[in-house]
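Results of the structural survey
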Amino acid sequence: MSEPLPIGFSPCPNDTWMFDALVRVPEFVPGLRPLPWLADIEALNERALAGEAPLPVTKLSAHGLYWVERDYLVLRTGAALGRGCGPLVVAREKAELAALAGRKIAIPGAYTTAHLLLRCFAPASATVVPMRFDRIMPAVAAGEVDAGLVIHEARFVFRDHGLEQVADLGEVWEAATGLPLPLGVIAAHRSLPAGQVRAVEEAIARSIAAAEADPAAAWPFVKAHAQELSDEVCRQHIALYVNEFSRDMGAEGAAALEELRRRGQAAGLLPR
């Protein structure tokens, strides 16, 4: 029997949807025995950055990827990349992004792509306050911070917390570049044999196809990790973040990753 292969991904509906068949169906791919390791995206970033007991395959934010490229290479499949899917800056009252100069903004982690985008487009004098993504909206509503940078399903429910949208950083990115926004990728450790890397890449594409062919089969795994999200929010989340770029990021997706790297480096936010 093949050795188990740890694969890190988040408990968000788009990831559990994509990976359901791969981790649920025995011998979904002969010779590949995945061992799921679920954690928040920033926890996955931090584990890769620490370099100790690295996961051989893991979800990473695009921002996190740029710090570990010596150790990890990007797979074509499984990416969270697209249009109309950007992080949102929210606050208790309507305002312009420029009005956040000198203000405190909660962010979902230092190595999230959301934070990199904020640093590229928001006033440099804004102060960031890292916290878990699910703590941000309550913190903004309670006045602990002036604004919050929200990701994942928060874009569908922030108004339930009495908050207003200040900016959609995805719209800002698309207006500036004309490219889809690269939020996250699946990456393989460079120590993994090339044949196994290809097998994982193809297995993810097959797993996505299986979920699309039989959505009901994937639903229990999605709901088991969706915490208190409603079915409708889960469906919106999957529809937004699982798309043609998830099946194969292609040349346009690769160009988007390169442009985000270029802008981050130009702003002094990324290593060269």
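Refer to the preceding data block for the structure.
Notes on the structure follow. Predicted model, so just to flag it, every value in this text is computed and none were measured. (Residues numbered from 1 in each chain as written. Predicted model: local features only at pLDDT ≥ 70, side-chain atom pairs only at ≥ 80, totals over all residues. Heavy atoms only, no water.)

Section: the overall build of the chain
Helices and strands together make up the secondary structure of the chain, namely 12 helices and 11 strands. Relative to its length of 272 residues, the chain is compact, with a C-alpha radius of gyration of 18 Å against a globular reference of 19 Å. Dimensions of the chain, computed from C-alpha atoms along their principal axes, come out at roughly 60 × 40 × 35 Å. Out of the 272 residues in the chain, the part that is buried amounts to 53%. Put simply, the chain shows about 11600 Å² of open surface, and 53% of that area lies on carbon and sulfur atoms. (Helix = DSSP H or I, 4+ residues; strand = E, 2+ residues; numbered from the N terminus. Rg over C-alpha atoms; globule rule 2.2 N^0.38 Å. Buried < 20%, exposed > 50% of the residue type's maximum accessible area, 1.4 Å probe, protein only. Areas by Shrake-Rupley, 256 points an atom, 1.4 Å probe, with all protein chains shown as cover.)

A closer look at the pattern of salt bridges
For the structure on display, the rule yields 15 salt bridges. Among the ionic pairs, Asp248 bridges to Arg76, the shortest N-O distance being 3.4 Å. In this pair, Asp248 sits in the loop between helix 11 (244-247) and helix 12 (250-266) while Arg76 sits in the loop between strand 4 (72-74) and strand 5 (80-82), placing the two residues 172 residues apart along the sequence. Assessed through its relative accessible area of 35%, Asp248 is described here as partly exposed. Asp231 serves as the salt-bridge partner of Lys223, at 2.8 Å between the closest nitrogen and oxygen. (Salt bridge = Lys/Arg side-chain N within 4 Å of Asp/Glu carboxyl O.)

Focus: the nonpolar core
One finds Val89, Leu97 and Leu118 to be the most contacted residues of the largest nonpolar core, which totals 48 residues. The next biggest cluster of nonpolar side chains, apart from the first, holds 46 residues, and it includes Ala139, Val150, Phe158 and Val197. (Core = buried A, V, L, I, M, F, W, Y, C linked by side-chain atoms within 4.5 Å.)

Some thoughts on the pairing of strand 1 (residues 4-9)
Across six bridges, the pairing between strand 1 and strand 2 (residues 33-38) is parallel. Within the sheet, the bridge partner assigned to Pro6 lies in strand 2 and is Leu35. Handedness of the β-α-β unit built from strand 1, helix 1 (residues 13-24) and strand 2 comes out right-handed. (Pairing = 2+ DSSP bridges. Right-handed = clockwise from strand over helix to strand, strands pointing away.)

A few points about the side chain of Glu259
Following the sequence through the fold, Glu259 ends up in helix 12. A distance of 2.8 Å separates the side chain of Glu259 from the side chain of Arg262, its partner in a polar contact. Non-local contacts of Glu259, meaning those with residues more than four positions away in its chain, are made with Trp173, Thr177 and Leu179. (Polar contact = N/O pair within 3.5 Å; in protein donor to acceptor, adjacent residues only side chain to side chain. Contact = heavy atoms within 4.5 Å.)

A few points about the pairing of strand 3 (residues 57-61)
Burial within strand 3 is extensive, with five of its five residues counted as buried. Burial along strand 3 is two-sided: Val57, Lys59 and Ser61 facing one way and Thr58 and Leu60 facing the other are all buried. With two bridges connecting them, strand 1 and strand 3 associate as parallel partners. Of the residues in strand 3, the one forming a bridge with Ile7 is Val57. By the bridge criterion, five bridges tie strand 3 to strand 11 (residues 181-189) in an arrangement that is antiparallel. Along strand 11, the bridge assignment pairs Thr58 with Ala187.

Points about the packing of aromatic side chains
Enumeration over the complete set of coordinates arrives at three aromatic pairs. Each ring, one from Phe9 and one from Phe221, has its centre 6.4 Å from the other, and the planes form 70°; the classification is edge-to-face. Here the residue Phe9 occupies a position in strand 1, and Phe221 occupies one in helix 9 (residues 215-224), the gap between them amounting to 212 residues. As far as burial versus exposure is concerned, Phe9 and Phe221 are alike and both buried. Between the aromatic rings of Trp67 and Tyr111, the centroid separation amounts to 6.0 Å while the plane-to-plane angle is 80°, which identifies the pairing as edge-to-face. One end of the pair, Trp67, is in helix 3 (residues 62-67); the other, Tyr111, is in the loop between strand 7 (104-107) and helix 4 (113-121), and 44 residues separate them in sequence. Grouped by ring-pair contacts, the aromatic residues Phe9, Phe19 and Phe221 constitute a single cluster. (Phe/Tyr/Trp six-rings, centres within 6.5 Å; stacked < 30°, edge-to-face > 60°.)

Nothing here speaks to function; it is all geometry.
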